[in-house]
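A look at the structure
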Amino acid sequence: MADDYAFFRAVQSYLERAARVIDLSPDLSAILAEPNTELVVHFPVRMDSGELRVFTGYRIQHNNILGPYKGGIRYHPQIHLDEVKALASVMTWKTALLDVPFGGAKGAVQVDPRLLSEGERMRLTRRFTHALGNSIGPDYDIPAPDVGTGPQEMAWLMDTYMNGTGAQQKNAQRAVVTGKPIACGGSYGRVKATGQGVVHCLVEWAREHKLPLEHSRAIVQGFGNVGAHAALLLDAMGVDVVAVSDHSGSLRNDQGINVQALNDHVKRTGAVRGFERADAITRDEFFATPADYFVPAALENQVGPHEANLLQVRLVAEGANGPVNPEGEQVLESRGIDIIPDVLANAGGVTVSYFEWLQNKRMERWTLEEVDSKLETMMMRAYRKVSDFSRDYRVPARVAAYAVALKSLSDCYAARGIFP
Ligand code: NAD
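Within every chain, residues take consecutive numbers counted from 1 along the sequence as written. The predicted nature of this model means local features are confined to residues of pLDDT at least 70 and side-chain atom pairs, given and counted, to a pLDDT of 80 or more, with totals for whole chains, interfaces and linings taken over all residues. In computing side-chain properties, one takes all heavy atoms of the structure into account and sets aside hydrogens as well as water.

**Let's talk about the overall build of the protein chain**
Helix numbering and strand numbering both begin at the N terminus, where a helix is a DSSP run of H or I of at least 4 residues and a strand a DSSP run of E of at least 2. Helices and strands together make up the secondary structure of the protein chain, namely 15 helices and 12 strands. Taking 420 residues into account, the globule formula puts the C-alpha radius of gyration at 22 Å, and the protein chain, at 21 Å, falls close to it. Judged by the C-alpha coordinates and their principal axes, the protein chain covers about 55 × 55 × 45 Å. Burial classes follow relative accessibility: with a 1.4 Å probe on protein chains only, a residue under 20% of its type's maximum area counts as buried, one over 50% as exposed, and anything between as partly exposed. Taking all 420 residues of the protein chain together, the buried fraction comes to 58%. Split by element, the accessible area of the protein chain, about 17300 Å² in all, is 50% carbon and sulfur. All tallies of charge rest on Lys and Arg as positive and Asp and Glu as negative; His and the ends of each chain are not included. For charged residues, the charge sits on one atom: NZ in Lys, CZ in Arg, CG in Asp, CD in Glu. Taking the average location of the 44 positive side-chain charges in the protein chain and that of its 50 negative ones, the two points are 5 Å from each other. In this treatment the radius of gyration is a C-alpha quantity, and the globule benchmark scales as 2.2 Å times the residue count to the 0.38 power. Only the protein chains shown count as cover for residues, and the accessible areas themselves come from Shrake-Rupley with a 1.4 Å probe.

Structure, rendered in structure tokens:
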């Protein structure tokens, strides 16, 4: 892993490579190389101790040519502007690739949410929402959960935003955020959607390579929203999840970890460490565990050349955004290890977020079966586009995914022209 990793620069390099493949106009490359808007806010929060702390938050709106800005909100102590810019631009490619009528954005607050009480998290979320003000809105910019946030934060965000509008408009504002609890306008299937999308891609890749899933082996890094759901779904399909890691440590059990029991343990204790039905291993041992599939579902820049050389898998399905850095990717390519890139593999979340937004706008409630089946259709359509492009142009899947997305954006710009 590179200590001074420039995530935004890495995303730019993928963009440049894909732009060359589709012969993108230099004007469009220049537009897409920078976000439309970079918002930095500093806002005060009263802590339980009575002390007042000022936090820094970001909202980066990368592009909205295809629809309202869309992207998660991350709470993390080491977040910085470059990373939020990279994550926002990744959302632009992801929505364009999935043909979801949204643009790309991302938000973040520099904070370790594990060190806050529930009351402090609520006050922080409400003040951050207040600081963003009219920079977000159901037809303009729609946040969602990301690392360190979940349905509860989205409910507070929605409530704060709604209460800042007139009584007549209140209920029309529900779609200001997705990933809400079911009780206040969330969608069935949203919580597991990102993990579900990763699994759809992995299953399709296995089918293409004629590999049986039953008793194949997977290792999963990160056991939060994405990692835990991916692991639970893989386990339910008969895949043995043999190693798992999170911020607290790594575990291995060659017979297959009891994922449901591990999930209960993590819900109870907040981390995988201390789970008794698997052996504690080092980070390097985790990466070197022989398996068929690796699902990175923690943070960016986790797989550099060192980790890429340790991995003993056939496929990396990127649940996280940017988990493999460009040097790591080169090693994986040279070792013949396939990658299903983040913009495709983890797009299930934004797809079901779009379904949630539609349900809110139409005052509807879809069943889990409806959501699941629409998600599968959209994931498979995007998978096919990437797989076909990759084969036809002989480029890696990441370049293919970016190229398909860029083509959609470029067609839209070509039809509309640049104002004025
Ligand atoms: P989360 O906060 O629910 O979980 C993050 C997990 O990563 C935790 O298990 C944490 O312990 C682990 N982790 C943190 N630092 C680590 C480290 N150094 N080594 C190993 N593990 C570490 O977050 P999430 O929502 O599951 O998001 C995970 C990734 O998926 C992020 O890259 C996020 O941008 C991406 N993603 C999330 C969604 C979504 O719907 N939540 C959608 C698309 C992409």
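**Some words on the environment of glycine 195**
Inspection of the secondary structure assignment puts glycine 195 in helix H6 (residues 190-208). Residue classification places glycine 195 among the buried residues on the basis of a relative accessible area of 0%. In contact with glycine 195, not counting residues within four places along its chain, are Val226, His229, Ala230 and Leu233. Throughout, a contact is declared for two residues whenever any of their heavy atoms are within 4.5 Å.

**Some details on the site of the ligand**
For this purpose, a residue is taken to be near a molecule or strand whenever a single non-hydrogen atom of the residue falls within 4 Å of it. Close to the ligand lie 22 residues, the nearest being Asp146, Thr194, Phe223, Asn225 and His247. We call two N or O atoms a polar contact when they sit within 3.5 Å, provided that within protein one can donate a hydrogen and the other can accept it, with sequence-adjacent residues counted only if both atoms are side-chain atoms. The side chain of arginine 74 places a nitrogen or oxygen atom 3.0 Å from an oxygen atom of the ligand. Within the contact set of the ligand, an oxygen atom lies 2.9 Å away from a backbone nitrogen or oxygen of valine 226. Out of a free accessible area of 830 Å², the ligand has 85% covered by protein chains. Within the residue set of the shell around the ligand, elements represented by two or more residues are H6 and helix H7 (225-236). Three categories are distinguished: nonpolar for Ala, Val, Leu, Ile, Met, Phe, Trp, Tyr, Cys and Pro, charged for Asp, Glu, Lys and Arg, and polar for the others, with Gly belonging to the last. Its residues assigned to classes, the shell around the ligand shows 7 nonpolar, 10 polar and 5 charged.

**Description of the pairing of strand E10 (residues 293-296)**
Both faces of E10 are covered, namely the face carrying Tyr293 and Val295 and the face carrying Phe294 and Pro296. Pairing between strands requires that DSSP locate at least two bridges from one strand to the other. One ladder, built from 4 bridges, connects strand E6 (residues 217-221) with E10; its direction is parallel. Its bridge partner lying in E10, isoleucine 219 is registered against phenylalanine 294. Sheet analysis places E10 next to strand E11 (residues 315-317), joined by 2 bridges and oriented parallel.

**Some words on the side chain of glutamine 302**
Relative to the assigned elements, glutamine 302 resides in the loop between E10 and helix H10 (305-310). On the basis of relative accessible area, glutamine 302 is assigned to the buried category, the value being 14%. Among the polar contacts made by the side chain of glutamine 302, one reaches the side chain of glutamine 221 at a distance of 3.0 Å. A distance of 3.2 Å separates polar atoms of two side chains, one belonging to glutamine 302 and the other to arginine 283.

**Section: the side chain of threonine 178**
Summarising the element assignment, threonine 178 is placed in the loop between helix H5 (151-163) and H6. In this structure threonine 178 comes out as buried when scored by relative accessible area, which is 0%. A distance of 2.8 Å separates the side chain of threonine 178 from the side chain of lysine 70, its partner in a polar contact. Sequence-distant contacts of threonine 178, that is, excluding residues within four places in its chain, are made with Lys70, Ile142, Pro143, Ala144, Pro145, Met154, Ser353, Glu356 and Trp357.

**Describing empty space enclosed by the protein**
Buriedness of a pocket was judged along seven lines, with at least five required to meet protein on both sides within 12 Å; pockets are open sets of points on a 1 Å grid over the protein atoms alone, cavities are sets where a 1.4 Å probe fits but cannot get out, and lining residues have an atom within 4 Å of a point. Grid points are joined across faces, edges and corners, and a volume is the space filled by probe spheres set on the points. Inspection of the entire model under this criterion finds 1 cavity of 30 Å³ or more. Empty space within the largest cavity amounts to approximately 50 Å³. Tyr5, Phe7, Ala10, Val11, Tyr14, Val90, Gly322, Val324, Asp342, Arg398 and Tyr402 together form the lining of the largest cavity. The set of elements that each furnish at least two residues to the lining of the largest cavity consists of helix H1 (7-22) and helix H15 (397-416). Classifying every residue of the lining of the largest cavity by side-chain character gives 8 nonpolar, 1 polar and 2 charged.

**Considerations on the packing of aromatic side chains**
Each aromatic pair joins two rings of Phe, Tyr and Trp (for Trp, the six-membered one) with centres within 6.5 Å, and gets the label stacked for planes under 30 degrees apart, edge-to-face for over 60, and tilted for any other angle. Evaluated as defined, the whole model comprises 15 aromatic pairs. With a centroid separation of 5.8 Å and 70° between ring planes, the pair formed by tyrosine 14 and tyrosine 402 is classed as edge-to-face. Linking tyrosine 14 in helix H1 with tyrosine 402 in helix H15, this pair joins segments that are 388 residues apart in sequence. The buried category is assigned to tyrosine 402, whose relative accessible area is 1%. With a centroid separation of 6.1 Å and 70° between ring planes, the pair formed by phenylalanine 286 and phenylalanine 294 is classed as edge-to-face. Residue phenylalanine 286 shares its accessibility class with phenylalanine 294, and that shared class is buried. Here a set of aromatic residues connected by ring pairs shows up, and it is made of Phe102, Tyr354, Phe355, Trp357 and Trp366. Both a distance and an angle decide whether a charge sits over a ring: NZ of Lys or CZ of Arg must be within 6 Å of the ring centre and within 35 degrees of the ring normal. The positively charged end of lysine 374 is found above the aromatic ring belonging to tryptophan 366, 4.9 Å away from the centroid.

**Topic: the pattern of salt bridges**
Any carboxyl oxygen of Asp or Glu that lies within 4 Å of a side-chain nitrogen of Lys or Arg is treated as forming a salt bridge with it. Throughout the structure, instances matching the rule amount to 29 salt bridges. With a closest N to O distance of 3.2 Å, arginine 384 and glutamate 208 form a salt bridge. A residue pair is termed long-range when its members are at least 10 positions apart, and arginine 384 in helix H14 (residues 368-393) and glutamate 208 in helix H6 qualify at 176 residues. On the basis of relative accessible area, arginine 384 is assigned to the partly exposed category, the value being 30%. Between arginine 252 and aspartate 254 there is a salt bridge, with the nearest N and O atoms lying 3.1 Å from each other. Assessed through its relative accessible area of 36%, aspartate 254 is described here as partly exposed. What you see here is one network of salt bridges that share partners, running through Glu204, Arg207, Glu208, Arg384, Asp388, Arg391 and Asp392.

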